[in-house]
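Working through the structure, step by step
Spelled out from the first residue to the last, the chains are:
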Amino acid sequence: KQEVTQIPAALSVPEGENLVLNCSFTDSAIYNLQWFRQDPGKGLTSLLLIQSSQREQTSGRLNASLDKSSGRSTLYIAASQPGDSATYLCAVPSSSNTGKLIFGQGTTLQVKP
Amino acid sequence: KAGVTQTPRYLIKTRGQQVTLSCSPISGHRSVSWYQQTPGQGLQFLFEYFSETQRNKGNFPGRFSGRQFSNSRSEMNVSTLELGDSALYLCASSLDGGGYEQYFGPGTRLTVT
């Protein structure tokens with residue numbers, strides 16, 4: 001059974017710092033991995049999708065990497081800003097033919113001015 | 001292209017009542033999934049519909065049901081509401097499930113009193 005874990009649960013950093021969020025999964029046979037951002041009381045915003053054949057994806061100040069063999073993904077945020085404060089979630093599909101995603105519990109990030 | 005829309009955005013109901021939530025996916029998307037999000041349990045998968053058929057179901061009681069129409073719009077219904085049903089209900093759409101990027105709506109905040 002696939003399980004997804006995110007550590008740490010919360011993180012507080014000063015503005016301008018580069019940071020890494022971690023996501024681990026127990027079954028390496030994933031089809032892709034998706035990173036989301038959620039602001040309090042809001043829906044999820046898709047940040048990056050990494051297909052199983054890819055090693056990394058970049059979007060602006062965000063870079064996500066994927067290492068299937070070790071069951072890990074990282075989300076790197078460069079030059080953090082207060083507007084980056086949110087909860088970040090990673091998720092993997094439970095199989096190729098379903099939209100069901102298995103989520104980690106998320107990392108709540110606070111970037112202090 | 002319009003994003004995923006959910007209506008209503010907020011609901012207050014009384015125990016024992018029933019409620020219907022609606023989700024309109026991105027145009028062309030055929031897969032719609034529903035999730036319940038609570039502070040204690042995180043994101044829990046309810047069910048997924050694809051081409052008007054339920055393709056996957058989570059571990060929720062039969063009080064939770066859903067359907068999908070020919071235009072891919074989906075509704076979920078909760079009967080005999082309980083206090084514990086208070087949550088943010090999120091729907092996600094994708095082209096065809098697990099191999100594709102998932103896009104989430106803003107959610108419906110349900111409060112049961």
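Just above sits the structure.
Notes on the structure in this doc start here. Just so we're clear, the structure is a prediction, and the values are computed from it rather than from any experiment. (Residues numbered from 1 in each chain as written. Chains lettered and ligands numbered in written order. Predicted model: local features only at pLDDT ≥ 70, side-chain atom pairs only at ≥ 80, totals over all residues. Heavy atoms only, no water.)

Here the focus is the pairing of strand β9 (residues 86-93) of chain A. All names here are of chain A. With eight of its eight residues buried, β9 lies for the most part within the structure. Burial of the side chains of β9 extends over both faces: A86, Y88, C90 and V92 are buried on one face and T87, L89, A91 and P93 on the other. In terms of strand pairing, strand β4 (residues 32-38) meets β9 through five bridges, oriented antiparallel. Looking at β9, one finds that Q38 is bridged to T87. Summarising the sheet, β9 and strand β11 (residues 107-112) pair through three bridges and their orientation is antiparallel. The partner of T87 across the bridge, within β11, is T108. Inspection of the sheet shows β9 paired to strand β10 (residues 101-103) by three bridges, in the antiparallel sense. Residue pairing across strands places P93 opposite L101, the latter belonging to β10. (Buried < 20%, exposed > 50% of the residue type's maximum accessible area, 1.4 Å probe, protein only. Helix = DSSP H or I, 4+ residues; strand = E, 2+ residues; numbered from the N terminus. Pairing = 2+ DSSP bridges.)

With that settled, the discussion passes to the interface of chain B and chain A. Taken together, the contact between chain B and chain A spans 23 residues of the former and 23 residues of the latter. Together, the buried faces of chain B and chain A total about 1600 Å²; carbon and sulfur atoms form 50% of this surface. Linking chain B to chain A there are zero salt bridges. Applying the counting criterion to the chain B and chain A interface returns nine residue pairs in polar contact (both at pLDDT 80 or more). Mapped onto the side of chain B that touches chain A, the elements with two or more residues apiece are β4 (31-38), β5 (42-50), β6 (53-57) and β9 (87-94) of chain B. For the side of chain B that touches chain A, a count of residues per class yields eight nonpolar, eleven polar and four charged. (Contact = heavy atoms within 4.5 Å. Buried area = accessible area lost by both parts, 1.4 Å probe. Salt bridge = Lys/Arg side-chain N within 4 Å of Asp/Glu carboxyl O. Polar contact = N/O pair within 3.5 Å; in protein donor to acceptor, adjacent residues only side chain to side chain. Nonpolar A, V, L, I, M, F, W, Y, C, P; charged D, E, K, R; others polar.)

Side chains carrying opposite charge are able to pair once their charged atoms draw close together. Residues and elements named next belong to chain B. Counted by the stated rule, this structure contains eight salt bridges over all chains. Notably, a salt bridge pairs R55 with D96, separated by 3.4 Å at the nearest N-O pair. In this pair, R55 is assigned in strand β6 and D96 in the loop between β9 and β10 (103-104), connecting sequence segments 41 residues apart. The exposure class assigned to R55 is partly exposed, which follows from its relative accessible area of 29%. Since its relative accessible area comes to 25%, D96 is described here as partly exposed.

Moving on, we come to the layout of surface pockets. In this structure, the largest pocket spans a volume of roughly 570 Å³. Lining the largest pocket we find 20 residues, and of these K1, K100 and I102 of chain A together with L43 and Q44 of chain B sit closest to its centre. Those elements that provide at least two residues to the lining of the largest pocket are β1 (4-7) and β10 of chain A together with β5 of chain B. The dominant element in the lining of the largest pocket, judged by the number of residues it contributes, is β5 of chain B, at four residues. Classifying every residue of the lining of the largest pocket gives seven nonpolar, nine polar and four charged. Considering only enclosed or pocket space, the second largest pocket measures out at about 390 Å³ in volume. Taken together, 19 residues form the lining of the second largest pocket, with Q38 and T87 of chain A together with Q37, T38 and P39 of chain B sitting closest to its centre. Among the secondary structure elements, those contributing two or more residues to the lining of the second largest pocket are β9 of chain A together with β4 and β5 of chain B. Here the lining of the second largest pocket takes three residues from β9 of chain A, the largest share from any one element. (1 Å grid on protein atoms, 1.4 Å probe; cavity = no way out; pocket = protein on both sides within 12 Å on 5 of 7 lines; lining within 4 Å. Points joined across faces, edges and corners; volume = space filled by probe spheres on them.)

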